[in-house]
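Structural features, examined
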Amino acid sequence: MIDDQNIFHDADVEQAVQAGGIVRTRDRTLCLPSVFGFCNGVRQALELLQQTIDAHGGERVWLLGEIIHNQTVSRFFAAQGVRVIPEHDIDTVLDVATPSDIIVIPAFGVPLPLHRALIARQPSQVVDATCGYIKAIWRYVAE
């Protein structure tokens, strides 16, 4: 299980928490909200990616863009061997990944034609970490 409060942290945010949620500089004051951090959809995507890495050790895992838009998180998973295809190049995954590679769809999903192509190619090798709320919006738009 991913513990985002311990794994993914920021020194400035930790300083603000220690100061009661407020950090003052010469000309600014940073106030943290009482509730902050990753939403459940993001936590679920991070956990699914980590479970995929753990379950498929040694196999190539491709991620279609960043799992979430966060450089610290991206570096964490890249250090575990995840191959991140830049978001503007995700349609190249079918050219670079073999049918036995694992392909992970990030929390914000991928365009429907690519999703369909991935599932048609090798459904058992595709891990869809798309947030449930994002999927609901896409279904609504499709209707």
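Residues numbered from 1 in each chain as written. Predicted model: local features only at pLDDT ≥ 70, side-chain atom pairs only at ≥ 80, totals over all residues. Heavy atoms only, no water.

So, about the overall build of the protein. For the protein, the helix and strand inventory stands at seven helices and six strands. Overall, the protein shows an N-to-C arrangement of helices and strands of α-α-β-β-α-β-α-β-α-β-α-β-α. Taken along its principal axes, the extent of the C-alpha atoms in the protein is 55 × 40 × 25 Å. Split into buried and exposed, the 143 residues of the protein put 33% on the buried side. Nonlocal contacts in the protein, meaning residues at least 24 apart in sequence, comprise 57% of its contacts between residues at least 6 apart. (Helix = DSSP H or I, 4+ residues; strand = E, 2+ residues; numbered from the N terminus. Buried < 20%, exposed > 50% of the residue type's maximum accessible area, 1.4 Å probe, protein only. Contact = heavy atoms within 4.5 Å.)

In space, the four strands of this open sheet follow the order β4-β3-β5-β6, with parallel pairing throughout. A strand with exactly one partner marks an edge of an open sheet, and here the two such strands are β4 (83-85) and β6 (126-128). In this sheet, neighbouring strand axes are inclined to one another by 25° on average, regardless of whether the strands run parallel or antiparallel. Summarising the sheet, strand β5 (residues 102-105) and β6 pair through three bridges and their orientation is parallel. Along β6, the bridge assignment pairs Ile105 with Asp128. (Pairing = 2+ DSSP bridges. Axes fitted to C-alpha atoms, helices over the stretch in contact; angles between N-to-C directions.)

With that settled, consider the pattern of salt bridges. Using the criterion set out here, one finds two salt bridges in the structure. With its nearest N and O atoms 2.8 Å apart, the salt bridge here joins Asp101 to Arg60. Of this pair, Asp101 sits in the loop between α5 (93-96) and β5 while Arg60 sits in the loop between α3 (40-55) and β3 (61-64), and the two are 41 residues apart along the sequence. With a relative accessible area of 5%, Asp101 lands in the buried category. Take Arg60: its relative accessible area is 28%, and that puts it in the partly exposed class. With its nearest N and O atoms 3.7 Å apart, the salt bridge here joins Asp128 to Lys135. Its relative accessible area of 30% is what places Lys135 among the partly exposed residues. (Salt bridge = Lys/Arg side-chain N within 4 Å of Asp/Glu carboxyl O.)

Attention shifts here to the packing of α3 against helix α4 (residues 71-78). At a minimum axis distance of 11 Å, the contact between α3 and α4 shows a crossing angle of 10°. By the criterion of interaxial angle, the relationship of α3 to α4 is roughly parallel. On the side of α3, the interface is formed by Leu46, Leu49, Gln50 and Ile53, while α4 contributes Val73, Phe76 and Phe77. Along the lines of polarity and charge, the residues of the contact of α3 with α4 split into six nonpolar, one polar and no charged. (Parallel < 35°, antiparallel > 145°, perpendicular 65-115°, else oblique. Nonpolar A, V, L, I, M, F, W, Y, C, P; charged D, E, K, R; others polar.)

On to the packing of aromatic side chains, then. In this structure the tally under the stated criterion is one aromatic pair. Their ring planes at 80° and their centres at 5.0 Å tell us that Phe76 and Phe77 sit as a pair that is edge-to-face. Exposure remark for Phe76: the relative accessible area of 27% places this residue in the partly exposed category. The ring of Trp62 carries Arg83 above its face, with NZ or CZ at 5.6 Å from the centroid. (Phe/Tyr/Trp six-rings, centres within 6.5 Å; stacked < 30°, edge-to-face > 60°. Lys NZ or Arg CZ within 6 Å of the ring centre and 35° of its normal.)

Our next topic: the state of the cysteines. Note: disulfide means a covalent bond formed between the sulfur atoms of two cysteine side chains. All told, the structure shown has zero disulfides when counted by the stated rule. The thiol of Cys131 is not disulfide-bonded; the next cysteine sulfur, from Cys39, is found 5.6 Å away. Looking at Cys131, the relative accessible area reads 11%, which means it is buried. (Disulfide = S-S within 2.5 Å.)

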